[in-house]
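Read off the chains here:
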Amino acid sequence: MNHKAGFVNIIGNPNVGKSTLMNAFIGEKLSIITSKAQTTRHRILGIVNGDDFQMVLSDTPGIIKPAYEMQESMMDFVKSAFDDADVLIYMVEIGEKELKDEAFFNRITNSTIPVLLLLNKIDKSDQDQLEAQVQLWAAKVPNAEIMAVSALEGFGVREVFDRIIELLPESPPFYPKDQLTDKPERFFVNEIIREKILMHYKKEIPYAVEIDTEEFFEEDDIIRMRSVIMVERETQKGIIIGHKGSALKRVGVEARKDLEKFFGKQVHLELYVKVNKNWRSNQRQLKRFGYNQ
């Protein structure tokens, strides 16, 4: 039997639906999804296996102009997505007209590998707008194959999935067939907690936060975790904790419920908050949290 395998890397501006698409392909919630930009900070691999194929999907941070060291590292993850892709997915949303970084855009238009340009969120458009957008992007990215989708509603997702398999090169699998991702369990604990913070806090708070799961002990019927929420300033620590600890408790309760779904067993989660000044601009701290690798 001929076997296909390859790396399928998803890039685009912030909040266009990259994580939603990858999770739809995988059937598992590996990338956190919120309505806020810059939700994805790392390059996250999700692996989809079939009898005769292995699709290694890569969700990347949204393309931005970096303002500090952490964002520089995030854009390095995007750059690396060009280096090993067998199929490149460039995702845009209805109404969008340009990529925020011209250098990235030039790499897409000059790509020698197959490019699928996915026009997402078409459930928010009408036929005339859709046709105009298809013409716009066909002129901008003539080397791309354009497909219209709604990742959230599932429209067109199966067609894109099947097209990717057609484009994958013949190859043995790169990972064991029962592997879902390249990230360790603690990474997903951190991401689930960070998602709750993105959902419940405003302004700068979610972007000044990093999570460090210091303890992860799995027993037969329960997983015991101890995670620290890092912030940059004392005032942020107070906001995270809230009046009499109410805000932190809400994060903990919601995160625990999602963690129990993710791991399929009971979870005991302890949350603490610490100040780690200017960690987003500290190379040593960034390396500790998995950036600049």
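Residues numbered from 1 in each chain as written. Predicted model: local features only at pLDDT ≥ 70, side-chain atom pairs only at ≥ 80, totals over all residues. Heavy atoms only, no water.

(A) Structural view of helix 5 (residues 157–167). For helix 5, the complete set of buried residues consists of V157, V160, F161, I164 and I165. Along helix 5, the residues classed as buried sweep out an arc of 140° about the axis, all on the same side. Structural note: helix 5 exposes R158 and E166 on the side pointing more than 90 degrees away from its buried face. (Buried < 20%, exposed > 50% of the residue type's maximum accessible area, 1.4 Å probe, protein only. Helix = DSSP H or I, 4+ residues; strand = E, 2+ residues; numbered from the N terminus. Arc of directions from axis to C-beta.)

(B) Inspection of the sheet that holds strand 5 (residues 115–120) at higher detail. Spatially, 6 strands are ordered 2-3-1-4-5-6 in an open sheet, and the strand pairing comes out mixed. At either end of the open sheet lies a strand with only one pairing partner, and these are strand 2 (44–50) and strand 6 (144–148). Within the sheet, the average angular offset between the axes of one strand and its neighbour, ignoring direction, is 25°. In the sheet, strand 1 (residues 4–12) pairs with strand 3 (residues 53–59) via 7 bridges, with the strands oriented parallel. (Pairing = 2+ DSSP bridges. Axes fitted to C-alpha atoms, helices over the stretch in contact; angles between N-to-C directions.)

(C) Structural context of the packing of aromatic side chains. All chains considered together, the criterion is met by 8 aromatic pairs. Here F187 and F188 contribute two aromatic rings whose centre-to-centre distance is 5.2 Å and whose plane-to-plane angle is 90°, an arrangement assigned as edge-to-face. For the pair shown, F187 and F188 are each scored as buried. Among the aromatic residues, those joined into a ring-pair cluster are F187, F188, F216, F262 and F263. Over the ring of Y272 we find R226; its NZ or CZ atom is 4.3 Å from the centre of that ring. (Phe/Tyr/Trp six-rings, centres within 6.5 Å; stacked < 30°, edge-to-face > 60°. Lys NZ or Arg CZ within 6 Å of the ring centre and 35° of its normal.)

(D) Looking closely at the confidence of the model for the chain. Mean pLDDT over the chain works out to 82, with 84% of the residues at or above the 70 mark. Contacts of residues 32–38 to residues separated by more than four positions or lying in other chains number 34 contacts, the stretch itself having pLDDT below 50. (pLDDT = per-residue confidence, 0-100. Contact = heavy atoms within 4.5 Å.)

(E) Region of the structure containing the pairing of strand 2. Within strand 2, 6 of the 7 residues are buried, leaving the element largely enclosed by the surrounding structure. The hairpin formed by strand 2 and strand 3 contains 2 residues between the paired strands.

(F) Main features of the pairing of strand 1. Where burial is concerned, most of strand 1 is hidden: 8 out of the 9 residues are buried. The pairing of strand 1 with strand 4 (residues 87–93) spans 5 bridges and is parallel. Following the sheet pairing, G12 is matched in strand 4 by M91.

(G) Structural detail: the packing of helix 1 (residues 18–26) against helix 5. One way to put it is that helix 1 packs onto helix 5 with a least axis distance of 11 Å and a crossing angle of 75°. Here helix 1 is positioned roughly perpendicular relative to helix 5, judged by the angle of their axes. Taken together, the residues of helix 5 that come into contact with helix 1 (itself represented by L21, A24 and F25) are V157, V160, F161 and I164. A breakdown of the residues in the contact of helix 1 with helix 5 according to their chemical character gives 7 nonpolar, no polar and no charged. (Parallel < 35°, antiparallel > 145°, perpendicular 65-115°, else oblique. Nonpolar A, V, L, I, M, F, W, Y, C, P; charged D, E, K, R; others polar.)

(H) Here's a closer look at the sheet that holds strand 8 (residues 222–231). Spatially, 7-8-9 is the arrangement adopted by the 3 strands of the open sheet, whose pairing is mixed. Two strands in the sheet have a free side with no partner beyond their single neighbour: strand 7 (210–218) and strand 9 (266–275). On average, each strand axis in the sheet is inclined to that of its neighbour by 15°, with strand direction left out of account. Where helix 6 (residues 185–200) meets the sheet, its contacts fall on strand 7, strand 8 and strand 9, and the angle it forms with strand 7 comes to roughly 130°. Sitting on the sheet, helix 7 (residues 234–241) touches strand 8 and strand 9, and the angle it makes with strand 9 is about 150°.

(I) Geometry of helix 6. Across its 16 residues, helix 6 extends 24 Å between first and last C-alpha, which sits within 8% of the 22 Å expected from 1.5 Å per residue. Most of helix 6 is tucked away, with 12 of its 16 residues classed as buried. Of the residues making up helix 6, those classed as buried are F187, F188, V189, N190, E191, I192, I193, R194, E195, K196, I197 and L198. Where helix 6 is buried, its residues touch strand 2, strand 7, strand 8, helix 7, helix 8 (246–263) and strand 9. (Expected span 1.5 Å × (residues − 1).)

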